[in-house]
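Per-entry structural report
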Amino acid sequence: MARQSSSYPILCASFNQDNSGLAISTKDGFKIFDSNTGRLCYERAVGAFIIVEMLYSSSLLAIVGAGEQPSLSPRRLCLFNTTTSAPLREMTFLTSILAVRLNRKRLVVVLQEKTYIYDSNSLEILDTVDTVPNLKGLCAFSPSLDGCFLALPASTIKGSVLVYNVMELQSHCEIDAHRSPLAAITLSSNGTYIATASEQGTIIRVHLVSEATQSYSFRRGRYPSTIFSLSFAPSLHLPDILAATSSSGSVHIFSLGFATNQRCKRSSSFLGSILPDSVNDALDPADHHVLHAAVSAGVRSYAVVRKVDKIADASSSEFSSCRAVVSLITYNGYFQEYTFSINNKNESSWSLDREFNLLTFVSDSAKSS
């Protein structure tokens, strides 16, 4: 979530690969927080950055300047050590860097018409992927080494996605997800699913990456809206929840597990047997839950599902309730964390657990000094 409008005090925001840490940058510098406690772990006030990416909870950061001073060029990627507060390596490109993704084996650098794949340890370049003009730097990355995929726009006139296997260094598939150009894409952490939204923002589609087939189609709303973020819940197997934020100011939760149960029930009915799944999914809003007015309308926001707990029903194979921790960053400077709960009747509730200002937050060490 980088390269956003300078009208917001936060220039970029990101969570690390397991959502245990978050980073923000402003015109003055960047800050790293512990997502679990809200503790400020590191801050550096040296100027504006448009990209700050973490490698799990390690001391390594990938940072890119906003270009407001010569030493912070948007064409220069710096691999930075927070322990020593010193750069480890710098790499300069011919055009501005639009996105950076990394895991323990691969480093991905996205430019407007090229994407570079590096070995994270040696920084040897492994492959170069030519892409369609990608002005927004849209990309998605699954950090799992077993299902390590990179997703990039494959068209400027429709919502096609190129899915590339970063470990095997080859194209995996191309998915035609929408009729309009893409606005947001995300991959589940294990690389199983990819979720997409177009510039219309009314339909969220989920595809199974291995087969390049559509698994779910969720209606976010009937009126167009800009989708700011998409994020799957973490899972060792199949993700159960997909979160989205939009320009309406709402947070949307789509329940994949409940949608699967409903699909099985519909397929056994007469009407369900003659209607295609895509029609059923678009007409049935039962697996969609909304937290209205979480943010003022139009304010950019970024939500992730950090944790999901499921309670099994002792009398059947289905779950009786599900509870998720949803963290939200607003680009006007706030962190919010909600508990989202859903029972086996698909009844849901939201509760705000904590909120603080990311811009004015002072570390405990600073408070005591």
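Residues numbered from 1 in each chain as written. Predicted model: local features only at pLDDT ≥ 70, side-chain atom pairs only at ≥ 80, totals over all residues. Heavy atoms only, no water.

Taking an unreviewed UniProt entry as the reference, the chain is identified by name as Autophagy-related protein 18b isoform X4 belonging to Theobroma cacao. Listed in UniProt under the heading Sequence similarities (unreviewed entry), the comment for the chain reads: "Belongs to the WD repeat PROPPIN family." Here the chain is described in UniProt, under the heading Subcellular location (unreviewed entry), as follows: "Preautophagosomal structure membrane". (UniProt positions renumbered as here; feature names shortened; annotations may be inferred.)

1. Description of the overall build of the chain
Helices and strands together make up the secondary structure of the chain, namely 4 helices and 28 strands. Looking at the chain alone, contacts between residues at least 24 apart form 43% of all its contacts between residues at least 6 apart. Only carbon and sulfur atoms are counted for the fraction: they give 50% of the accessible area of the chain, which is about 16,200 Å². (Helix = DSSP H or I, 4+ residues; strand = E, 2+ residues; numbered from the N terminus. Contact = heavy atoms within 4.5 Å. Areas by Shrake-Rupley, 256 points an atom, 1.4 Å probe, with all protein chains shown as cover.)

2. Details of the packing of aromatic side chains
Per the stated rule, a full pass over the model turns up 17 aromatic pairs. Their ring planes at 65° and their centres at 6.1 Å tell us that Tyr 8 and Tyr 331 sit as a pair that is edge-to-face. Separated by 323 residues along the polypeptide, Tyr 8 in the segment before β1 (12–15) and Tyr 331 in the loop between β26 (319–330) and β27 (334–343) bring together distant segments of the chain. Since its relative accessible area comes to 15%, Tyr 8 is described here as buried. Looking at Tyr 331, the relative accessible area reads 0%, which means it is buried. Each ring, one from Tyr 338 and one from Trp 350, has its centre 6.1 Å from the other, and the planes form 85°; the classification is edge-to-face. On the criterion of sequence distance, the pair formed by Tyr 338 in strand β27 and Trp 350 in strand β28 (residues 348–357) is long-range, its members being 12 residues apart. The buried category is assigned to Tyr 338, whose relative accessible area is 9%. When the ring centre of Tyr 56 is taken as reference, the NZ or CZ atom of Arg 104 above it lies at 4.0 Å. (Phe/Tyr/Trp six-rings, centres within 6.5 Å; stacked < 30°, edge-to-face > 60°. Buried < 20%, exposed > 50% of the residue type's maximum accessible area, 1.4 Å probe, protein only. Lys NZ or Arg CZ within 6 Å of the ring centre and 35° of its normal.)

3. Considerations on the side chain of Thr 186
Within the element layout of this structure, Thr 186 appears in strand β17 (residues 182–187). At 3.4 Å, the side chain of Thr 186 and the backbone oxygen of Leu 230 are in polar contact. Setting aside anything within four residues of it in sequence, one finds Thr 186 in contact with Ala 140, Tyr 193, Ile 194, Ala 195, Leu 230, Ser 231, Phe 232 and Leu 242. (Polar contact = N/O pair within 3.5 Å; in protein donor to acceptor, adjacent residues only side chain to side chain.)

4. Quick look at the confidence of the model for the chain
The predicted model of the chain has a mean per-residue pLDDT of 89, with 85% of residues at 70 or higher. Here residues 261–284 scores under 50 on pLDDT; set against residues more than four positions off or in separate chains, the count is 21 contacts. For residues 365–369, every residue scores under 50 in pLDDT, and the model assigns this stretch 1 contact once sequence neighbours within four places are set aside. (pLDDT = per-residue confidence, 0-100.)

5. Here's the deal with the sheet that holds strand β7 (residues 76–81)
Paired through backbone hydrogen bonds, the strands of a sheet run either parallel or antiparallel to each other. On the basis of which strands lie adjacent, the open sheet formed by 4 strands has the order β5-β6-β7-β8 and antiparallel pairing. Sheet topology places β5 (49–54) and β8 (86–92) at the edges, where each strand pairs with a single neighbour. The mean angle between the axes of side-by-side strands here comes to 20°, regardless of whether they run parallel or antiparallel. In this sheet, β8 lies alongside β7 in antiparallel orientation, the contact comprising 6 bridges. (Pairing = 2+ DSSP bridges. Axes fitted to C-alpha atoms, helices over the stretch in contact; angles between N-to-C directions.)

6. Looking at the sheet that holds strand β9 (residues 99–102)
The strand order across the open sheet formed by 4 strands is β9-β10-β11-β12, and the pairing between neighbours is antiparallel. Because the sheet does not close on itself, it has two edges, and the strands there are β9 and β12 (125–130). Here the average twist between neighbouring strands, direction ignored, is 15°. Relative to strand β11 (residues 114–119), strand β10 (residues 106–110) runs antiparallel, the two sharing 5 bridges. In the strand pairing of β11, Val 108 is matched with Ile 117.

7. As for the environment of Gln 17
Turning to its location among the elements, Gln 17 is positioned in the loop between β1 and β2 (21–25). Spatially, the C-alpha atom of Gln 17 lies 8.5 Å from that of Ser 142, the residues being 125 residues apart in sequence. Among all residues touching Gln 17, those that are not within four sequence positions of it are Met 54, Leu 55, Tyr 56, Leu 102, Asn 103 and Pro 143. Side-chain polar atoms of Gln 17 contact the backbone oxygen of Met 54, separated by 3.0 Å. Polar contacts involving the side chain of Gln 17 include one to the main-chain carbonyl oxygen of Leu 102, which spans 2.7 Å.

8. Some points on the layout of surface pockets
Approximately 1,200 Å³ is the volume found for the largest pocket. Around the largest pocket, the lining comprises 50 residues; the ones closest to its centre are Arg 101, Cys 139, Thr 186, Leu 230 and Tyr 302. Residue assignment for the lining of the largest pocket shows that the elements contributing at least two residues are β1, β5, β9, β13 (140–141), β17, β21 (227–232) and β25 (301–312). For the lining of the largest pocket, the element with the most residues is β21, which contributes 6 residues. (1 Å grid on protein atoms, 1.4 Å probe; cavity = no way out; pocket = protein on both sides within 12 Å on 5 of 7 lines; lining within 4 Å. Points joined across faces, edges and corners; volume = space filled by probe spheres on them.)

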